[in-house]
Amino acid sequence: MAEQIPSCSGYCRKCGQEHTIAEGPARDYCLELMEVLEEKKRIDLTVPDAEANPHFSTDYLFGEARGQMFGILACRNQKGSKVNLKAFSGQFDGAWVVEGWAPPLFDVRQWHRISHDVEKEIKTLGKEIDRPDTDPARRANIVLQRRELSQQLMKDIHALYTLTNFHGESRPLKDVFIGQNGIPTGTGDCCAPKLFNHAARSGLIPLGLAEFYWGRENKSSSRLHRRFYPSCAGKCQPILGFLLCGLE
Ligand SMILES: [Zn+2]
Ligand SMILES: [Zn+2]
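1. Considerations on helix α1 (residues 26-40)
With 15 residues, α1 ought to run about 21 Å at 1.5 Å a step, and its terminal C-alpha atoms sit 21 Å apart, in line with that. Looking at the buried side of α1, the elements it contacts are β3 (68-76), β4 (82-88) and β7 (205-214).

Rendered as structure tokens:
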């Protein structure tokens, strides 16, 4: 029999135990969000139809780029009123910030400043590697140089991430991540970390979390349109223990 996996959990070093949050009312709110996405076919939901930006059309999720995860964190505020936060995983067609959705765990301007020049340099090296007349010894050198550049870029980008939990503690990603094999690319960009971080910084108390996939299935077919999935084991579980700390 398959082991029962909580929808969202992670080990907390400080408390020496797992912290977990259930779906609570969030699944129903996700079903409502699915209806809105189905009807509006866009994610800039704070503006009227006439002002919709074509850049935020969900058509993007059904093409080459394929779908992505969406999530809702049902919360209550200090006065006891219900507040729902929602998030999309990673970027939406290159955009980190879309009004009405939880922001990423870093300063977006700094992210662009760091990545822009290095990405350009990496692309230039890539072109030289692909050229048939590049000397083999030189090619091997460039391959190495490109790998070092992208590893450094990933470190620099990870250094921008700050995570805040429900004790009000803020820590850099590298201090929070639990694992031996380095921090995977995209750690902190899933819905769950964006949502908990935003809730903690906004003084909201989470009641439940649910995440679903929207769009064309991913290449391995492990993510299907409209299906709910637990928080991922590779990127989210190693930071969720810290993020959920202070909730109980
Ligand atoms: Zn994840
Ligand atoms: Zn804890």
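2. Re the sheet that holds β3
Here we have three strands laid out as an open sheet, ordered β4-β3-β7, and antiparallel in their pairing. Of all the strands in the sheet, the pair left with one neighbour each is β4 and β7. The mean angle between the axes of side-by-side strands here comes to 15°, regardless of whether they run parallel or antiparallel. Note that β3 and β7 share nine bridges and pair antiparallel. For Leu 73, the partnering residue across the bridge sits in β7 and is Leu 209. Contacting β3, β4 and β7, α1 crosses the sheet at an angle of about 40° to β7.

3. Focus: the domain arrangement of the protein chain
Assigned domains of the protein chain: these are domain 1 (8-105 + 163-244) and domain 2 (107-160). Just the C-alpha atoms count here: the centres of domain 1 and domain 2 sit 29 Å apart. The interface of domain 1 with domain 2 comprises ten residues on the first partner and six residues on the second. Across the contact surface, domain 1 and domain 2 share zero residue pairs in polar contact (both at pLDDT 80 or more).

4. A closer look at the packing of helix α2 (residues 108-130) against helix α3 (residues 136-158)
At a closest axis distance of 10 Å, the pairing of α2 and α3 adopts a crossing angle of 165°. When the axes of α2 and α3 are compared, the pair comes out roughly antiparallel. Like other packed secondary-structure pairs, α2 and α3 cross with a definite hand, here left-handed. In contact with Trp 111, Ile 114, Ser 115, Val 118, Glu 119, Glu 121, Ile 122, Leu 125, Gly 126, Glu 128 and Ile 129 of α2, α3 contributes Arg 138, Arg 139, Ile 142, Val 143, Gln 145, Arg 146, Leu 149, Ser 150, Leu 153, Asp 156 and Ile 157. Of the residues in the contact of α2 with α3, the class split is eleven nonpolar, four polar and seven charged.

5. Section: the pattern of salt bridges
Across all of its chains, the model carries eleven salt bridges by this definition. With a closest N to O distance of 3.4 Å, Arg 131 and Asp 133 form a salt bridge. Among the ionic pairs, Lys 174 bridges to Asp 175, the shortest N-O distance being 3.4 Å. Judged by its relative accessible area of 64%, Lys 174 is exposed. One network of salt bridges, in which partners are shared, links Lys 40, Arg 42, Asp 44 and Asp 49.

Thresholds applied
Residues numbered from 1 in each chain as written. Chains lettered and ligands numbered in written order. Predicted model: local features only at pLDDT ≥ 70, side-chain atom pairs only at ≥ 80, totals over all residues. Heavy atoms only, no water. Helix = DSSP H or I, 4+ residues; strand = E, 2+ residues; numbered from the N terminus. Expected span 1.5 Å × (residues − 1). Contact = heavy atoms within 4.5 Å. Pairing = 2+ DSSP bridges. Axes fitted to C-alpha atoms, helices over the stretch in contact; angles between N-to-C directions. Domains from an automatic or database assignment. Polar contact = N/O pair within 3.5 Å; in protein donor to acceptor, adjacent residues only side chain to side chain. Parallel < 35°, antiparallel > 145°, perpendicular 65-115°, else oblique. Left-handed = near helix turned anticlockwise from the far one by under 90°. Nonpolar A, V, L, I, M, F, W, Y, C, P; charged D, E, K, R; others polar. Salt bridge = Lys/Arg side-chain N within 4 Å of Asp/Glu carboxyl O. Buried < 20%, exposed > 50% of the residue type's maximum accessible area, 1.4 Å probe, protein only.

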